[in-house]
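# Inside the fold
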Amino acid sequence: MEISREDAPAKLRALPTRLVNQVALVANRATERALHATGSRRYHYALLAALGEFGAISQADLGRRTRIDRSDIVATVNELADRGFVERSPDTGDRRRKIVTITAAGTAHLAELDERLAGAQDELLAGLDAAERAELVRLLTRILDR
């Protein structure tokens, strides 16, 4: 479902909402292809990236930091724990909370996912130089921050 610049109506080619949606579809396909062989999905990567950067945190904080729904966090943490990529333990300050920690295997898996996703970024942004890529990230971040 790609938009050909020559074949698409001018009104569609001029709608940022339409273009962003089309780019999101292409980006999602590239991401799925990159992750497919690993058995991981975008949510797995998001949680491992958060744990890799912030260290051990509660499931609730994982949800807030990644903006992933609570029910999806629980399922994803379960999947990662089953694969040995994270460990859950009770919070010593509040036994009702679970603290999630990335394991050595999880850190290694995150490094593999980072490499694969770097390739997906290169695939998606092949027509842009480094400065244009940085500008695109800056502009997209500005839109999201509003």
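Residues numbered from 1 in each chain as written. Predicted model: local features only at pLDDT ≥ 70, side-chain atom pairs only at ≥ 80, totals over all residues. Heavy atoms only, no water.

### A short note on the overall build of the chain
As a reminder, the rule being used: By the criteria applied, helices consist of DSSP H or I runs no shorter than four residues and strands consist of E runs no shorter than two, each listed in order from the N terminus. When accessible area is computed with a 1.4 Å probe and restricted to protein chains, residues below 20% of their type maximum are described as buried, those above 50% as exposed, and intermediate ones as partly exposed. Should any heavy atoms of two residues lie within 4.5 Å, those residues are counted as being in contact. For accessible areas, the Shrake-Rupley method is used with a probe of radius 1.4 Å. Any residue's cover is judged against the shown protein chains and nothing else. When charges are counted, Lys and Arg are positive and Asp and Glu negative, with His and the chain ends excluded. Taken as the charge location is NZ of Lys, CZ of Arg, CG of Asp or CD of Glu.
Along the backbone of the chain there are seven helices and three strands. Secondary structure elements of the chain occur, N-terminal to C-terminal, as α-α-α-β-α-α-β-β-α-α. Taken along the three principal axes of its C-alpha coordinates, the chain extends 60 × 30 × 30 Å. The buried share among the 146 residues of the chain stands at 27%. Pairs at least 24 apart in sequence give 49% of the contacts found in the chain among residues at least 6 apart. As displayed, the chain offers around 9800 Å² of accessible surface, 54% of which is attributable to carbon and sulfur atoms. Counting 23 positive and 22 negative side-chain charges, the chain places the centres of these two groups 6 Å from one another.

### Brief notes about the pattern of salt bridges
Short version of the rule: Just to be clear on terms, a salt bridge is a Lys or Arg side-chain nitrogen sitting within 4 Å of an Asp or Glu carboxyl oxygen.
Enumeration according to the criterion identifies nine salt bridges in this entry. Here Arg-97 and Asp-91 are joined by a salt bridge, their closest N and O atoms 3.0 Å apart. With a closest N to O distance of 2.8 Å, Arg-133 and Asp-122 form a salt bridge. Taken as a pair, Arg-133 in helix α7 (residues 130-145) and Asp-122 in helix α6 (residues 104-124) lie far apart in primary sequence, 11 residues in all. Overall, the relative accessible area of 42% leaves Asp-122 in the partly exposed class.

### Section: the pairing of strand β2 (residues 86-91)
Test applied: Strands are treated as partners if at least two bridges between them are detected by DSSP.
The pairing of β2 with strand β3 (residues 94-102) spans six bridges and is classified as antiparallel. Across the sheet, Pro-90 pairs through a bridge with Lys-98, a residue of β3. Here β2 folds back onto β3, and the loop between the two strands holds two residues.

### Considerations on the environment of Asp-129
This is how the line gets drawn: Between N or O atoms, a polar contact is any pair within 3.5 Å; within protein, one atom must be a potential hydrogen donor and the other a potential acceptor, and residues adjacent in sequence are included only when both atoms are from side chains.
Looking at the element boundaries, Asp-129 is found in the loop between α6 and α7. Within the structure, Asp-129 has its side chain in polar contact with the backbone nitrogen of Glu-132 (distance 2.8 Å).

### Notes on helix α2 (residues 16-36)
We apply this condition: Helices are assigned an expected span. That span is 1.5 Å times one less than the residue count.
Taking 1.5 Å of rise per residue, 21 residues should cover 30 Å, and α2 covers 29 Å from first to last C-alpha, within 8% of that figure. Of the positions making up α2, those classed as buried are Gln-22, Ala-27, Ala-30, Thr-31, Ala-34 and Leu-35.

### A short note on the sheet that holds β3
A sheet is described by the order of its strands in space; here three strands give the open sequence β1-β3-β2, paired in antiparallel fashion. A strand with exactly one partner marks an edge of an open sheet, and here the two such strands are β1 (57-58) and β2.

### A few points about the layout of surface pockets
Over the atoms, a rolled probe matching the size of one water molecule traces out where space is still vacant. So the rule is basically this: Site definitions follow a grid-based scheme: protein atoms alone, a 1 Å grid, a 1.4 Å probe that fits but cannot get out for cavities, and for pockets an open set with protein on both sides within 12 Å along at least five of seven lines, plus lining residues having an atom within 4 Å of a point. Grid points are joined across faces, edges and corners, and a volume is the space filled by probe spheres set on the points. When residues are grouped by polarity, Ala, Val, Leu, Ile, Met, Phe, Trp, Tyr, Cys and Pro land in nonpolar, Asp, Glu, Lys and Arg in charged, and all others, Gly among them, in polar.
Taken as a whole, the largest pocket spans an internal volume of roughly 1600 Å³. Along its surface, the largest pocket is lined by 35 residues, and Ala-27, Gln-121, Leu-124, Leu-140 and Leu-144 are the ones closest to its centre. Residues belonging to the lining of the largest pocket are distributed by class as follows: 24 nonpolar, six polar and five charged.

### Overview of unusual backbone geometry
Its identity is not glycine, yet Arg-67 carries a phi of approximately 60°, on the positive side. Considering the arrangement of structural elements, one finds Arg-67 in the loop between α4 (59-66) and α5 (70-82).

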